[in-house]
Amino acid sequence: QVQLVESGGGLVQPGGSLRLSCEASGSFGSFNIMGWYRQAPGKERELVASISSGETTNYADSVKGRSTISRENAKNTVYLEIDRVKPQDTGVYYCNLRYSSIWGPEDYWGQGTQVTVSS
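All of the points below concern the structure found in this document.

1. Quick word on the sheet that holds strand β1 (residues 2-7)
- Overall, antiparallel pairing links the four strands, which are arranged β1-β3-β8-β7 in an open sheet. At either margin of the open sheet sits one strand with a lone partner, and together these are β1 and β7 (67-72). The average angle at which neighbouring strand axes cross in this sheet is 15 degrees, direction not considered.

2. Quick look at unusual backbone geometry
- Here E55, not a glycine, exhibits a phi torsion of approximately 75 degrees, which is positive.
- Mapping E55 onto the fold places it in the loop between β5 (46-52) and β6 (57-59).
- Overall, E55 belongs to the partly exposed group, its relative accessible area being 42%.
- Phi at N76 is positive, roughly 50 degrees, even though this residue is not glycine.
- Here N76 lies in the loop between β7 and β8 (77-82).

3. Some words on the packing of aromatic side chains
- Tallied over the full model, the rule gives three aromatic pairs.
- Centre to centre, the rings of F28 and Y99 are 6.4 Å apart; their planes meet at 50 degrees, and the pair counts as tilted. Taken together, the residues span a long stretch of sequence, with F28 in the loop between β3 (18-26) and β4 (32-39) and Y99 in strand β9 (residues 91-101) at a distance of 71 residues.
- According to the relative accessible area criterion, F28 is buried, its value standing at 19%.
- The exposure class assigned to Y99 is buried, which follows from its relative accessible area of 12%.

4. So, the side chain of S21
- Along the polypeptide, S21 turns up in strand β3.
- Among the polar contacts made by the side chain of S21, one reaches the side chain of S7 at a distance of 2.6 Å.

5. Some points on the nonpolar core
- Ranked by internal contacts, the top residues of the largest apolar core, which has 28 residues, are L4, W36 and L80.
- Counting residues per element, the ones that place at least two in this core are β1, β3, β4, β5, β8, β9 and β11 (113-117).

Quick notes on the rules
- Residues numbered from 1 in each chain as written.
- Predicted model: local features only at pLDDT ≥ 70, side-chain atom pairs only at ≥ 80, totals over all residues.
- Heavy atoms only, no water.
- Pairing = 2+ DSSP bridges.
- Helix = DSSP H or I, 4+ residues; strand = E, 2+ residues; numbered from the N terminus.
- Axes fitted to C-alpha atoms, helices over the stretch in contact; angles between N-to-C directions.
- Buried < 20%, exposed > 50% of the residue type's maximum accessible area, 1.4 Å probe, protein only.
- Phe/Tyr/Trp six-rings, centres within 6.5 Å; stacked < 30°, edge-to-face > 60°.
- Polar contact = N/O pair within 3.5 Å; in protein donor to acceptor, adjacent residues only side chain to side chain.
- Core = buried A, V, L, I, M, F, W, Y, C linked by side-chain atoms within 4.5 Å.

This is how it looks when you write it as structure tokens:
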């Protein structure tokens, strides 16, 4: 079983930067994908960025060019940095881990952390 714990949420001024972290604990496959999703009120949850254990990255168009996702495999930790934040970046950010076991795909989520971009 896997547990994901996020940290770093809070209030950020427009134009500023935010940095989130997520630490995974438990037992899971060494080949995996960790990512960040966000959900704003009245909107569906959307992928922000993801990174595989092989360092392959994927970014949403809304953050491409101003966001960086990274990971430290030895610590099972993934980070998300967004620069020049906008009010549209506001939402609950969820950490996600996905991998394949002999039983099929496994999918785990963190509890979420609130990010508010406002003056």
